[in-house]
Each structure stands twice: as C-alpha cells, then as structure tokens.
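Take a look at the letters that make up each chain.
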Amino acid sequence: MREKVTIPYLLDKRARGEPITMLTCYDYPMALLQEKAQIDIILVGDSVGMTVYGYPSTLPVTMDMMIGHAQAVRRGAPGAFLIGDMPYLSYQVSVEEAVRNAGRFMREAACDGVKLEGGRAFAPVVRALTAAGIPVMGHLGLTPQSLAMLGGFRAQGRDAAAAARVVEDAAVLEEAGAFAILLEAVPPEVGREVTRRAGIPIISIGAGPHCDGQLLIVHDMLGFFEAFTPRFVKKYADLNGLILEAFRAYLEDVRQGRFPGPEHCYPMKQGELEKLHELLAASPSPQKEEKRK
Ligand code: KIV
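So, a few notes on the structure that sits alongside this text. Since this is a predicted model, take the numbers as computed values, not measurements. (Residues numbered from 1 in each chain as written. Predicted model: local features only at pLDDT ≥ 70, side-chain atom pairs only at ≥ 80, totals over all residues. Heavy atoms only, no water.)

Turning next to unusual backbone geometry. Following Phe259, the chain continues to Pro260 via a peptide bond in cis, the omega torsion being 0 degrees. Along the polypeptide, Pro260 turns up in the loop between helix H11 (239-256) and helix H12 (272-282). Phi is positive for Gln38, close to 65 degrees, though the residue is something other than glycine. Mapped onto the secondary structure, Gln38 falls in the loop between helix H2 (28-37) and strand S2 (41-44). (Helix = DSSP H or I, 4+ residues; strand = E, 2+ residues; numbered from the N terminus.)

Moving on to the site of the ligand. Near the ligand the following residues occur: Thr24, Leu43, Gly45, Asp46, Ser47, Asp85, Lys115, His139, Leu182, Glu184, Leu215 and Ile217. A distance of 3.0 Å is found between an oxygen atom of the ligand and a side-chain nitrogen or oxygen belonging to Asp85. Lys115 is positioned such that a nitrogen or oxygen atom in its side chain is 3.0 Å from an oxygen atom of the ligand. Within the complex, 97% of the 260 Å² of free accessible area of the ligand lies under protein. (Near = heavy atom within 4 Å. Polar contact = N/O pair within 3.5 Å; in protein donor to acceptor, adjacent residues only side chain to side chain. Areas by Shrake-Rupley, 256 points an atom, 1.4 Å probe, with all protein chains shown as cover.)

We now examine helix H8 (residues 160-176). Between the first and last C-alpha of H8 there are 24 Å, a value that for 17 residues agrees with the 24 Å anticipated at 1.5 Å per step. Looking only at H8, the buried set comprises Ala163, Val166, Val167, Asp169, Ala170, Leu173 and Ala176. In this fold, the buried residues of H8 make contact with helix H6 (123-131), strand S5 (136-141), strand S6 (180-184) and helix H9 (188-197). Of the residues flanking the start of H8, the one acting as N-cap is Asp159, its side-chain oxygen 3.2 Å from the backbone nitrogen of Ala161. Note on H8: the residue one or two positions beyond its end, Gly177, has a positive phi of about 120 degrees. (Expected span 1.5 Å × (residues − 1). Buried < 20%, exposed > 50% of the residue type's maximum accessible area, 1.4 Å probe, protein only. Contact = heavy atoms within 4.5 Å.)

Moving on, we come to the packing of H8 against H9. Two numbers describe how H8 lies on H9: the axes approach to 10 Å, and their chain directions differ by 25 degrees. Considering the angle they form, H8 stands roughly parallel to H9. Relative to H9, the crossing made by H8 is right-handed. Residues Ala163, Val166, Val167 and Ala170 of H8 lie in contact with H9, whose contacting residues are Val190, Glu193, Val194 and Arg197. When its residues are assigned to classes, the contact of H8 with H9 shows 6 nonpolar, no polar and 2 charged. (Axes fitted to C-alpha atoms, helices over the stretch in contact; angles between N-to-C directions. Parallel < 35°, antiparallel > 145°, perpendicular 65-115°, else oblique. Left-handed = near helix turned anticlockwise from the far one by under 90°. Nonpolar A, V, L, I, M, F, W, Y, C, P; charged D, E, K, R; others polar.)

In this section: the pattern of salt bridges. Counted under the stated rule, the structure contains 17 salt bridges. A salt bridge links Glu35 to Arg2, with the nearest nitrogen and oxygen atoms 3.1 Å apart. Placement of Glu35 in helix H2 and of Arg2 in the segment before helix H1 (7-16) is noted, with a sequence separation of 33 residues between them. Given the relative accessible area of 15%, Arg2 is considered buried. Within the structure, one salt-bridge network assembled from shared partners comprises Lys4, Arg74 and Asp112. (Salt bridge = Lys/Arg side-chain N within 4 Å of Asp/Glu carboxyl O.)

Here's what the structure looks like:
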C-alpha cells in the first residue's frame, strides 16, 4: 500500500514544484482505480448531483447523499487525501451547522478534510472548522452553488476588478486557515497571481497551468457525462461510446441466440442428468395430468 497522502505530503509536493493531482470520485469501483493510479486528492464533489443523479444543478444534493458516497469512496481509496464537498445549505445557515456537518464527513466517512464554496463571507466558517480540527479547502471563481447569482456556468474573474476580488478572497481564506484553495474557471493570469501570492496549495479546475495542482471531474475526463462539456475539460476516454457499444453488442447477442453460450451455463453433476430423467418420468407433469382428464 502507498504512503497515506496528508497535508504535509501535499505541502512537500508544492515546495518541490511537483504538481498535485486531484479527481472527483463518487463510488467504490472508481475509487479502487483512482487509488491504484495513486491520485493525491480525491474530491467527493456535490457534482454527483449532476453526473450521477441527473439533476440540472448541484443544489438538490444533501448531506446524507454525500456521506454515503464519501463512505464508498473511502473504502476504495484508503491512501488518497479524501475531501468531502459541503453541499448547498450545509454550511451557509450557521457556523454551528457548518461544524456539525463538516464533522460528519470526518467521523462517518473518515474524510481528511472538507471543501466549501465562497470567499470572504465564509472566513468565519473556515476559521471555526479549522479550530475544530477540520482541514478546509476553499473554492473560488465559478462556484456552482451560486449559479443563480452568477447567471449560469460562466468563467469568473475576467475583468480586473473581478480578478482582484478573487485574489483578495484567496488571501482572506488562507488567513482564516484554509489548507488549500480550489480555483474554478478563471483566466490563467488569475490562477498564476493567486498561486504566486499563496503559501498554501492552489488547485486549478479551469484556472490554467500555473497552479500547484489540477482537478477534473471524473465523468468529464472519462467521457461519461454528455449534458455539457466545459472548455477546461480534456477527455481521456470515451466511456459513453464504449458502454453503448457493449450494450448494443449484448442486445444483438441475445436476439441472435449467441448469448448465453455453453461457457456461461452450469453443468449438471456427473450422472445426475440420467437420474433427473428417471425422477421426472416417475412424476407425471401437470400437462400430462391435464390431458388424462
Ligand atoms: O462538486 C464538484 O465536483 C466541484 C468541482 C466542480 C470543483 O466542486
């Protein structure tokens, strides 16, 4: 088994200038593969609402849903640094609720930390969670839980004032105790400026190549989510195509009588078939009984 990924491990990687790798994950079989590939950080993202449950946004996702997914991922990936994504309304209502909900990720799913969306307004939450011993990854730029405020899935920080706000928010979150910050869908210049000023790992999802690490949503990079593809996604596979091909081949095999073949059938034990025929000959079938009447 590999060395467990911890915050000091991530800080060392950053200090050495080695990129930190991160993917989302929602289930056990995918977690097994990510562990095998030795991904540094796994995010059990509330994007599960869109990629797995088919909702049009992440807003319907609840803590109970997230805990179930985080537990499954932890079972498959014991070595990765596991982050539970705080879903909508799990940390916005009060600091107390935020601590209780973040604590559930740690206690019930053995997460290593949590992620929450938002800038300076959430500094008190970050401070309280950190004080409770819960590592927090901030999330700035495009924050999907604020979709209604942002007017859709749009890149952020594209003008100077908005970019400056992202840079300032990152400094505020770091000061409040965040151990890392995720930057989503901002120009690479903003990613570079935030990373240059920060003393903690800055992870990019659509924030360009200058950050300390990169994140992609697993269903996007595997070609397993068709609703839309953000500009920042690189597809490394076409799972949709592969799976559809497999389904069609199965349907055709069944229709043509090619499946199941002898290799998919359980043989009777030696000599038992003859005995079965004898037994059946002795006990009249219901059809024979019917004919006799
Ligand atoms: O839920 C998630 O997967 C995320 C990413 C979009 C960054 O928060």
